[in-house]
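Chain residues, written in single-letter form:
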Amino acid sequence: MNSADNTLSLKNLTVHIGKTLVLKDISFDLKVGEIIAVVGPSGCGKSTLLNVLSGVIKHYDGSIFFQNTSLQQSDIRCGYVPQNLGLLPWKKVEENIFLPQKINKKNAIDRHDVEKIISELDISDLMHRYPSQLSGGQKQRVALARVFAAHPDLLLMDEPFSALDTLTAETSRNLFIDLWKKHRPTTILTTHNLSEALTLGKYILLLRKLPATVYHWIENPLFDSNTQHSEEDFYRFVRQLSDLLRNDTSTNKNPA
């Protein structure tokens, strides 16, 4: 099998919003079933990247292929968790979780499978509540249940844990990564949190400020490693990432 048959591939992706150049020549290959954390300054275009991949933004230059098929022509299932989580306030939790099937009935959802996800996220007793009756952490779990219930081929997450307090965010990240390891959707998430990027991303993509270009592509040595790393190792890598972002003065480096 050609390696391109098993990748999400972006080549020279360039996006204008009006007259503003937002993304410039973004290129990288991500193996299907892997996860990448995208980090960059506020307003650099991270959300725009996800909006292109999700199909919200349809006009761009360059190409995007998923397993050798143009993303625009592909029938892959895409799951998107926006910053506000996208829960419908007038629908109860159960209705929110099963919403993807109502929207796209050809992608049937195995109810037993969904109930297992609900149980793993410990939200079984929330099914008849409305989003307004939930805490931030509970809303996050419902959003995770909904997106994983749909079994997406491509999962996009826009700073999904940024609105949570430190303890709740850590719990939510652990729940997410446990689910991700079981289902392994190809995943791109954005974050401002360098510790979060090291916790969740097998790869880390650093973007420059607007217009966003690729600054560094990093294979995360701490991700799912068989080697034991100390807390000191972890924060040393956080400092290295922080230094890279602060010292963004070198020429653009493309991923290998």
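So, here's what we can say about the structure. (Residues numbered from 1 in each chain as written. Predicted model: local features only at pLDDT ≥ 70, side-chain atom pairs only at ≥ 80, totals over all residues. Heavy atoms only, no water.)

Brief notes about helix α1 (residues 46-54)
Okay, so step 1: Looking only at α1, the buried set comprises Lys-46, Thr-48, Leu-49, Leu-50, Val-52 and Leu-53.
Okay, so step 2: Directly after α1, the chain includes Gly-55, whose backbone phi takes a positive value near 95°. (Buried < 20%, exposed > 50% of the residue type's maximum accessible area, 1.4 Å probe, protein only. Helix = DSSP H or I, 4+ residues; strand = E, 2+ residues; numbered from the N terminus.)

Considering the sheet that holds strand β3 (residues 35-39)
Okay, so step 1: One open sheet accounts for six strands, arranged β6-β7-β8-β3-β9-β10; its pairing is mixed. The open sheet has two edge strands, β6 (78-81) and β10 (214-219), and neither has a second partner. Each strand of the sheet is rotated relative to its neighbour by a mean of 15°, with strand direction disregarded.
Okay, so step 2: In the sheet, β6 pairs with strand β7 (residues 154-158) via four bridges, with the strands oriented parallel. Within β7, the residue paired with Cys-78 across the bridge is Leu-154. (Pairing = 2+ DSSP bridges. Axes fitted to C-alpha atoms, helices over the stretch in contact; angles between N-to-C directions.)

Side note on the nonpolar core
Okay, so step 1: Ranked by size, the top nonpolar core spans 48 residues in total, and within it Ile-97, Leu-121, Ile-123, Phe-148, Met-157, Phe-176 and Leu-198 carry the most contacts.
Okay, so step 2: In terms of residue count, helix α5 (residues 136-149) provides more of this core than any other element does, seven residues in total.
Okay, so step 3: Here Met-157 is in contact with Leu-50, Val-81, Leu-144, Phe-176, Ile-188, Leu-189 and Thr-190, once residues within four sequence places are set aside.
Okay, so step 4: Residues Val-15, Cys-44, Leu-50 and Val-214 belong to the second largest nonpolar core, which totals 30 residues. (Core = buried A, V, L, I, M, F, W, Y, C linked by side-chain atoms within 4.5 Å. Contact = heavy atoms within 4.5 Å.)

Quick look at the packing of aromatic side chains
Okay, so step 1: All told, the structure shown has five aromatic pairs when counted by the stated rule.
Okay, so step 2: With a centroid separation of 6.0 Å and an interplanar angle of 50°, the aromatic rings of Phe-148 and Phe-176 are classed as tilted. In this pair, Phe-148 sits in helix α5 while Phe-176 sits in helix α6 (residues 166-183), placing the two residues 28 residues apart along the sequence.
Okay, so step 3: With relative accessibility at 1%, the residue Phe-148 sits in the buried group. (Phe/Tyr/Trp six-rings, centres within 6.5 Å; stacked < 30°, edge-to-face > 60°.)

A word on the pattern of salt bridges
Okay, so step 1: If you walk through the whole model with that rule in mind, you get five salt bridges.
Okay, so step 2: Lys-11 is the partner of Asp-29 in a salt bridge, and the nearest nitrogen-oxygen pair spans 3.4 Å. Here Asp-29 is found in strand β2 (residues 20-31), whereas its partner Lys-11 is found in strand β1 (residues 7-17), with 18 residues between them in sequence.
Okay, so step 3: Here Glu-34 ties to Lys-202 by a salt bridge, and the two come within 3.0 Å at their closest N and O atoms. With Glu-34 in the loop between β2 and β3 and Lys-202 in the loop between α7 (194-200) and β9 (203-207), the pair connects residues that are 168 residues apart, well separated along the chain.
Okay, so step 4: A relative accessible area of 10% places Glu-34 in the buried class.
Okay, so step 5: Ionic contacts of the salt-bridge type, sharing partners, join the residues Glu-34, Arg-184 and Lys-202 into one network. (Salt bridge = Lys/Arg side-chain N within 4 Å of Asp/Glu carboxyl O.)

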